[in-house]
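Results of the structural survey
Next come the chains, spelled out residue by residue.
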Amino acid sequence: DSGSLRRCYPFGMRKEDFQAALTKMGWAPHAGQMRVLRSRARRKLIVGGVQAGKTTTAAGYTCLQIYKSIYDGMAVPGDVYWLVGDDYSQTKFEYARIAQYLAMLGLRGKMSSRHNPGIIQLNSCPCQSPLCPHERMSVQTKSAVDITKLAGESPAGIVVCEGAQVSWDVIEKCEERLLKSDGWLLIAGTLEGSLGWYPERLAAWRQPATQMEENAE
């Protein structure tokens, strides 16, 4: 039934659409990555060691969200997605991987060669309608060096890169920017050298009651 489909395949996508997107991206998610993709929580915190696939997970999740929103008709012209890091260098690998995946999905338009700051525009649709969801959609990198500059937009989604290295103030600022759009937040990092809030939040969000609250937001 439709309820089972939503539980089994990320973002409520049909099995064939989900598999087709992964094939285009050349990505075969491992079991841990599939847990992230299948989770219906709007706020996610993922932890992994070196070469555990955090970058691929964050980039793949972002691109699948964009892909799904366009082909479901839920995308809005001007939708923006942020990659936030303690500084621009923390966004470098996610930026490159997202550019790669969007190109393979046939969605990447113009992009800046540098990531500091970086912007990837979605390709222009042949219909040339100002109401087309492709119009002005983009993925942008943001530095948290000055959190007052994390302003002016309500992103459809935010990835916090190397999230364990940023302060909780940055996370709260991201949450603030998502209020209007009801967008999603994915925080990826490692416990090694992490700030105190990261393992504490990881433990709290693992609790069933907290997970239910996150899913309901």
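Everything quoted here is computed from the prediction, not taken from an experiment.

Thresholds, definitions, all that
- Residues numbered from 1 in each chain as written.
- Predicted model: local features only at pLDDT ≥ 70, side-chain atom pairs only at ≥ 80, totals over all residues.
- Heavy atoms only, no water.
- Core = buried A, V, L, I, M, F, W, Y, C linked by side-chain atoms within 4.5 Å.
- Buried < 20%, exposed > 50% of the residue type's maximum accessible area, 1.4 Å probe, protein only.
- Helix = DSSP H or I, 4+ residues; strand = E, 2+ residues; numbered from the N terminus.
- pLDDT = per-residue confidence, 0-100.
- Contact = heavy atoms within 4.5 Å.
- Arc of directions from axis to C-beta.
- Pairing = 2+ DSSP bridges.
- Polar contact = N/O pair within 3.5 Å; in protein donor to acceptor, adjacent residues only side chain to side chain.

1. Quick notes on the nonpolar core
The nonpolar side chains of a soluble globular protein tend to be buried with one another. One finds Leu64, Ile66, Ile98, Leu102, Leu107, Val139 and Leu186 to be the most contacted residues of the largest nonpolar core, which totals 38 residues. Secondary-structure elements contributing two or more residues to this core are helix 2 (15–25), helix 3 (31–38), helix 4 (54–71), strand 2 (80–85), helix 5 (92–104), strand 4 (119–122) and strand 7 (184–189). Top element by residues in this core is helix 4. It accounts for eight residues. The next biggest cluster of nonpolar side chains, apart from the first, holds 20 residues, and it includes Val80, Ala144, Ile171 and Leu178.

2. A look at the confidence of the model for the protein
Summing up the model confidence of the protein, the mean pLDDT is 82 and the portion of residues at 70 or higher is 83%. Across residues 1–8, confidence stays below pLDDT 50; counting only partners more than four residues off in sequence or on other chains, it has six contacts. Segment residues 208–217: pLDDT under 50, and 13 contacts once partners within four positions in sequence are set aside and those in other chains are kept.

3. Notes on helix 2
Among the residues of helix 2, those classed as buried are Phe18, Ala21, Leu22 and Met25. An end-on view of helix 2 places all buried positions within 95° of arc, on one side of the element. Residues of helix 2 that are buried in the fold lie against helix 3, helix 4 and helix 5. Remark: Gly26 follows helix 2 within two positions and exhibits a positive phi of approximately 70°.

4. Remarks on the pairing of strand 4
Burial of strand 4 is one-sided: the residues Ile120 and Leu122 facing one way are buried, the residues Ile119 and Gln121 facing the other way are not. One ladder, built from two bridges, connects strand 3 (residues 108–111) with strand 4; its direction is antiparallel. Looking at the pairing, Met111 lines up with Ile120 of strand 4. Two strands pair when backbone bridges link them, and strand 4 and strand 5 (residues 138–143) are joined in this way by three bridges, in the antiparallel orientation. Pairing of Gln121 across the sheet is with Ser138, part of strand 5.

5. Quick word on the side chain of Arg177
Considering the arrangement of structural elements, one finds Arg177 in helix 6 (residues 168–178). Separated by 2.9 Å, the side chain of Arg177 and the backbone oxygen of Glu153 make a polar contact. Ignoring sequence-local partners within four residues, the contact set of Arg177 consists of Trp82, Leu150, Ala151, Gly152, Glu153, Ser154 and Pro155.

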